[in-house]
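This is what each chain is made of:
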Amino acid sequence: MMQTIDTQPVPEWRKQAWSKLTMGGLQGVQEWDLLVIGGGITGAGILREAARRGLSACLIEQRDFAWGTSSRSSNMVHGGLRYLMAGSFSLTRDSLRERERLLREAPGLVQPLGFLFSGYKGRRPGRWSFRVLLTMYDLFARRWNHRFYPPHEYTMLAPHIMLTGLKGGAQCFDAVTDDARLVFRVIQEAKKDGALALNYVAADKLITKVDWVRGATVRDILTGETAEVRSKAVVNATGAWADRFRKQVGGGQDIRPLRGSHLIFPFWRLPVAQAIGMKHPADGRSVFLLPWEGATVVGSTDLDQDKDLDIEASITPKEVDYLLQIVHYQFPDLGIKRRDIISTYAGVRPVIGTGALDPSKEKREHSIWVERGLISVSGGKLTTFRLIALDALKRAARFIPSLTVEDKGEPVFREAHRKELHLQTLDCALQERLIGRYGLTAGEVAKCAREGELERIPGTNTLWVELRWASRAEAVVHLEDLLLRRTRLGVLLPQGGAAFFDRIRLICQKELGWDDDRWQHEAQAYKNLWQQYHSVP
Ligand SMILES: Cc1cc2nc3c(=O)[nH]c(=O)nc-3n(C[C@H](O)[C@H](O)[C@H](O)COP(=O)(O)OP(=O)(O)OC[C@H]3O[C@@H](n4cnc5c(N)ncnc54)[C@H](O)[C@@H]3O)c2cc1C
């Protein structure tokens, strides 16, 4: 179990949130309607849907929001052709409908992205099967969205691609996001409806009343303080960790943690205007290469994660070779080398194990268990978080008499109007980025910018002001929260952004209320962490 007791003073916002959470600590009589354990996209979605239904709901996360899998995905908001090929029709259909909804509701955070699939002589699926597949995909999405191109046109869309045996290719559209920001924005929406969300608070032991789960003992990771949080219902949304809590109520061991790793390259070194889906020459698995936040991401792998889940997942040298192999194979002329990789990251898929020999054959649907009143939810996708949330709340309704759960299709995100936010002086792309990421607070973000802070940080799409805003208003506890999740600079820039450290410090140190010692300490801890989990092994 992770244990970090900080000697630093606790900021006022945290003190207030902790006392609201615990409402009088061990003697507390007040009861929440719902306690959500886990601050990834699943927990965030449940909190959002609970708060909009008028429940008193709180969420706790043992590290930072989105620290788990939800900041380590491939960032695609998609139906997943591979799920369709595997016969997971309802998962594909639901994901595609949610993709359409997210594109409508959160432009600037969820952006349309072209996906290319090259056709080579003798490679499966052949053109006709692929045509059927893409037609089904579009029918599920209720949007005609694909085209086939002959080789000479296809190479204009995918320059540098291997030409030997190329018979042309297909293009369809899905979407891309910033997974950690998606989590954060969903939590913000829940907070606007009165929910409480607190990072660096772990749930330790479930509290039972007449043998039914009615809360949990929680521990502030920063101070070591503990308290009891009581609630009518408890949702265990701890993803890959879910079996731990299930064990406390006699549940089974169903999660098969699968590691997926990625490489990040500078865009100029591996330039792609759209995502490219590729079949790996070694095992025929699908691997994607996609433009993301000003860089190019290649991933992922799919391997059993045997390490303790509390140790951050990281890529192995073998996985680096595997991913480099497909880059060499698909882009032979670019001469990509190991030293071109800027950074790496790995996440653990909370997949429900069926004992399949090949990890990639395991189903990706979510599962829900209700055991002695504890509602555990795990598996599924980032894309379907809203549906997973509704499913979990339906089970919670049994314990919360006032709760009714009907999918009325209400938007996850409140609509933000550019005019009302006074963003007109910014160019359209900036307006969209700020609204997508910050919703109704986009105007405040722009307003807090000092000179030059509405410019992009070189090599990324991130604005300097995003650092200032996050430090001021987004519950940053450690430097890694700021550089790996509120912004993604830690994986988008070489050496985790070391070249910009002085300017980052200038903008953030005061906003964070840190003295020089604290800054030095955080910077060192961040550098160590980056070296261990995000460099090339
Ligand atoms: C490599 C990879 C690529 C992927 N790509 C995509 C994609 O492109 N598109 C897509 O839709 N999906 C994708 N997914 C799937 C998606 O990322 C996951 O389904 C989703 O992020 C799971 O979210 P979660 O909230 O259930 O889990 P998590 O994000 O892991 O959240 C669980 C949280 O619970 C916390 N927790 C654990 N124990 C405790 C405790 N005792 N107290 C408090 N908190 C606790 C953890 O710290 C963690 O933050 C991908 C997954 C992986 C691994």
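Residues numbered from 1 in each chain as written. Predicted model: local features only at pLDDT ≥ 70, side-chain atom pairs only at ≥ 80, totals over all residues. Heavy atoms only, no water.

Engineer: Kindly report on the domain arrangement of the chain, identifying the contributing residues and their values.
Structural biologist: Under the domain assignment, the chain is made up of domain 1 (27-69 + 180-254 + 363-396), domain 2 (111-176 + 256-351) and domain 3 (448-533). Per-residue buried area on domain 1 facing domain 3 is highest for Arg181, Phe184 and Tyr200; these three make up 45% of the total on that side. Counted by class, the side of domain 1 that touches domain 3 contains seven nonpolar, one polar and two charged residues. (Domains from an automatic or database assignment. Buried area = accessible area lost by both parts, 1.4 Å probe. Nonpolar A, V, L, I, M, F, W, Y, C, P; charged D, E, K, R; others polar.)

Engineer: Describe the pattern of salt bridges, naming the residues involved and giving the relevant values.
Structural biologist: Applying the stated criterion to the full structure yields 49 salt bridges. The partner of glutamate 31 in a salt bridge is arginine 214, with the nearest N and O atoms 2.9 Å apart. Placement of glutamate 31 in the loop between helix 1 (12-22) and strand 1 (32-37) and of arginine 214 in strand 9 (residues 212-220) is noted, with a sequence separation of 183 residues between them. The network of salt bridges with common partners includes Asp178, Asp179, Glu293, Arg433, Arg437, Glu466 and Arg488. (Salt bridge = Lys/Arg side-chain N within 4 Å of Asp/Glu carboxyl O. Helix = DSSP H or I, 4+ residues; strand = E, 2+ residues; numbered from the N terminus.)

Engineer: Describe helix 2 (residues 41-52), and please don't skip the residues or the numbers.
Structural biologist: Counted at 1.5 Å a residue, the expected span for helix 2 with its twelve residues is 16 Å, and the 16 Å between its end C-alpha atoms agrees. In terms of residue burial, helix 2 counts as a mostly covered element, since twelve of its twelve residues are buried. Buried residues of helix 2: Ile41, Thr42, Gly43, Ala44, Gly45, Ile46, Leu47, Arg48, Glu49, Ala50, Ala51 and Arg52, and no others. Of the residues trailing helix 2, glycine 54 is marked for its positive phi of about 80 degrees. (Expected span 1.5 Å × (residues − 1). Buried < 20%, exposed > 50% of the residue type's maximum accessible area, 1.4 Å probe, protein only.)

Engineer: Talk me through the nonpolar core; I want residue IDs and the actual numbers.
Structural biologist: Leu467, Leu479, Leu483 and Ile504 are the most contacted members of the largest nonpolar core, which totals 51 residues. The residue makeup of this core includes at least three contributed by each of domain 2 (111-176 + 256-351) and domain 3 (448-533). Leu109, Phe184, Ile187 and Leu382 belong to the second-largest nonpolar core, a separate cluster that totals 50 residues. (Core = buried A, V, L, I, M, F, W, Y, C linked by side-chain atoms within 4.5 Å.)

Engineer: So what's going on with the site of the ligand? Which residues, and what values?
Structural biologist: What surrounds the ligand is a group of 37 residues, the closest being Thr42, Glu61, Ser70, Met76 and Thr383. The backbone of isoleucine 41 places a nitrogen or oxygen atom 3.2 Å from an oxygen atom of the ligand. Alanine 203 places a main-chain nitrogen or oxygen 3.0 Å from a nitrogen atom of the ligand. For the ligand, the accessible surface in isolation is 1,000 Å², of which the surrounding protein chains cover 97%. Looking at the shell around the ligand, the elements that each hand over two or more residues are helix 2, strand 8 (201-209), strand 11 (255-266) and strand 16 (343-352). Considering only residue class, the shell around the ligand consists of 13 nonpolar, 20 polar and four charged. Two domains each donate at least three residues to the shell around the ligand, and these are domain 1 (27-69 + 180-254 + 363-396) and domain 2 (111-176 + 256-351). (Near = heavy atom within 4 Å. Polar contact = N/O pair within 3.5 Å; in protein donor to acceptor, adjacent residues only side chain to side chain. Areas by Shrake-Rupley, 256 points an atom, 1.4 Å probe, with all protein chains shown as cover.)

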